[in-house]
Amino acid sequence: MTQIDVSRFGRVAVIYGGTSAEREVSLESGQAVLDALNAAGVDAIGIDLAEGLSVLLEASFDRAFIALHGRGGEDGCLQGALELIGKPYTGSGVMASAIAMDKITTKQIWKAKGLPTPTFMSCPSDAAVETVLKNVGVPAMVKPAREGSSIGMSRVDRAEDLPVALASARDFDGDVLVEAFVSGREFTVAILGERALPVIGLSTPHRFFDYEAKYKAEDTRYRIPSGLDESLEKEIQSLSLAAYQAIGCEGWGRVDLMLDAQNQPWLLEVNTIPGMTSHSLVPMAAKSVGIDFQALVLEILEQSL
Ligand SMILES: Nc1ncnc2c1ncn2[C@@H]1O[C@H](COP(=O)(O)OP(=O)(O)O)[C@@H](O)[C@H]1O
Ligand SMILES: [Mg+2]
């Protein structure tokens, strides 16, 4: 049970749902957050952004807990609208949200700051397959620049499969990223305030951590503690925090990365509004250090005070 004075939050609008490809996940995250806030005695209401911005403008609330994933909610647009109406909100601000939504821009910043991220190229629709093969090669991951939940993404092992992969990514975003495939182990690091929580190891028999593996498969494995030795665990935590701060993220988030056979880490992306369902990764990391779901939600909300 929480000891904190929840009246300081005033009325909290949990904004969720929306219209992005990740709507379903967001409905679940938003409901879980709303339930936790209500159980903690917070005066909280839910707003489904799919009903349009006018619903938000007409609602009466003091601050927002944003539980939207993907475009329109995680990308700075909603953050900008809340800035304009003077309502504080959870998580990263306009610019960091917009940058983090765009995997190409994120990687350009990491590269400029000397943080390790796999070789990549931004791939315009007229890019020749030969150019992609020359700059990145195969195996590669082909991704829409601004999607999440592995949507529109493919792993390409053979050059001849590249055109189809590029076309399916382009169905989701005109900007497509081709990135060198890192074969090795996958990890994710939750960030809460200024600290990196324990590293979570992920494994799946799928060819990569795809939508099925994330939300449906029974054979996805999560390891926490990660099983890494202490120095590597610490190195990955501090790299993840540096990667998050390099983008200007605030409040909370989650950094995804790979570790190759030489134990060299490679940063993939930062999520500014990661999943917040009862079985999501940030709650899992928080739980491992004694922060239950309700305490986590309140701690994220406190960052907006
Ligand atoms: N360069 C890469 N090498 C190996 N696997 C990758 C690479 N990029 C992405 N993946 C796999 O694809 C998944 C989704 O990629 P990610 O960049 O995290 O996008 P999303 O926003 O969809 O989560 C990762 O969790 C990982 O399993
Ligand atoms: Mg990811």
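Scroll up to find the structure this text is about.
Keep in mind the model is a prediction, meaning the values are calculated, not measured.

*Asks:* Please provide a residue-by-residue account of helix H10 (residues 281-288), values included.
*Replies:* In an α-helix, one full turn covers 3.6 residues, which means residues spaced three or four apart are oriented alike. When H10 is considered as a whole, its buried residues turn out to be Leu281, Val282, Pro283, Ala285 and Ala286. Contacts from the buried residues of H10 go to strand E8 (184-192), strand E10 (200-203), strand E11 (221-223), strand E12 (252-260) and helix H11 (293-302).

*Asks:* Go over the pairing of strand E7 (residues 176-180) with me, naming the residues and quoting the values.
*Replies:* The side chains of a regular strand alternate, first on one face of the sheet and then on the other. E7 sits mainly inside the fold: four of its five residues count as buried. Across three bridges, strand E4 (residues 120-122) lies against E7 in antiparallel orientation. Within the sheet, the bridge partner assigned to Phe120 lies in E7 and is Glu179. Two strands pair when backbone bridges link them, and strand E5 (residues 140-144) and E7 are joined in this way by five bridges, in the antiparallel orientation.

*Asks:* Give me the lowdown on the site of ligand 1, citing residues and values where you can.
*Replies:* Around ligand 1 sit 20 residues in total, of which Lys143, Ser150, Glu179, Glu186 and Lys214 are the nearest. The contact in question runs from an oxygen atom of ligand 1 to an N or O atom on the backbone of Ser149, over 3.3 Å. The backbone of Ser150 places a nitrogen or oxygen atom 2.5 Å from an oxygen atom of ligand 1. Its free accessible area being 540 Å², ligand 1 has 98% of it covered by the protein chains. Only E5, E7, E12 and strand E13 (265-271) provide two or more residues apiece to the shell around ligand 1. Its residues assigned to classes, the shell around ligand 1 shows nine nonpolar, three polar and eight charged. Residues from two domains meet in the shell around ligand 1; each of domain 2 (100-116 + 182-291) and domain 3 (120-180) gives at least three.

*Asks:* Any chance you could break down helix H1 (residues 23-39) for me, citing the residues and the numbers?
*Replies:* Its 17 residues place the ends of H1 24 Å apart at the C-alpha level, agreeing with the 24 Å of an ideal helix rising 1.5 Å per residue. Val25, Ser26, Ser29, Gly30, Ala32, Val33, Leu34, Ala36 and Leu37 are the residues of H1 that are buried. Contacts made by the buried residues of H1 are with strand E1 (11-16), strand E2 (43-48), strand E3 (63-66), helix H8 (211-215) and H11. Once H1 finishes, Gly41 follows within two positions and takes phi at roughly 85 degrees, a positive value.

*Asks:* Quick one: what's the story with unusual backbone geometry, residue by residue and with numbers?
*Replies:* Of note, the amide linkage connecting Val138 to Pro139 takes the cis form, showing an omega dihedral of 0 degrees. Its place among the elements puts Pro139 in the loop between helix H6 (129-135) and E5. Cis peptide bonds are those with omega within 30 degrees of zero, and the linkage from Ile224 to Pro225 qualifies with 5 degrees. Here Ser150, not a glycine, exhibits a phi torsion of approximately 65 degrees, which is positive. Relative to the helices and strands, Ser150 resides in the loop between E5 and strand E6 (154-156).

*Asks:* Talk me through the packing of H1 against H11; I want residue IDs and the actual numbers.
*Replies:* Their axes nearest at 9 Å, the elements H1 and H11 cross at an angle of 95 degrees. In terms of orientation, H1 lies roughly perpendicular with respect to H11. Only Phe293, Gln294, Val297, Leu298 and Leu301 of H11 make contact with H1, whose side of the interface consists of Ala32, Val33, Ala36, Leu37 and Ala39. Across the contact of H1 with H11, the residue classes break down as nine nonpolar, one polar and no charged.

*Asks:* An account of the state of the cysteines is requested, with residue identities and associated values reported.
*Replies:* Taken as a whole, this structure holds zero disulfides when the rule is applied. The closest cysteine sulfur to the non-disulfide-bonded Cys77 is located on Cys249, 16 Å from its own sulfur. A relative accessible area of 51% means that Cys77 is categorised as exposed.

What counts, and at which threshold
Residues numbered from 1 in each chain as written. Chains lettered and ligands numbered in written order. Predicted model: local features only at pLDDT ≥ 70, side-chain atom pairs only at ≥ 80, totals over all residues. Heavy atoms only, no water. Buried < 20%, exposed > 50% of the residue type's maximum accessible area, 1.4 Å probe, protein only. Helix = DSSP H or I, 4+ residues; strand = E, 2+ residues; numbered from the N terminus. Contact = heavy atoms within 4.5 Å. Pairing = 2+ DSSP bridges. Near = heavy atom within 4 Å. Polar contact = N/O pair within 3.5 Å; in protein donor to acceptor, adjacent residues only side chain to side chain. Areas by Shrake-Rupley, 256 points an atom, 1.4 Å probe, with all protein chains shown as cover. Nonpolar A, V, L, I, M, F, W, Y, C, P; charged D, E, K, R; others polar. Domains from an automatic or database assignment. Expected span 1.5 Å × (residues − 1). Axes fitted to C-alpha atoms, helices over the stretch in contact; angles between N-to-C directions. Parallel < 35°, antiparallel > 145°, perpendicular 65-115°, else oblique. Disulfide = S-S within 2.5 Å.

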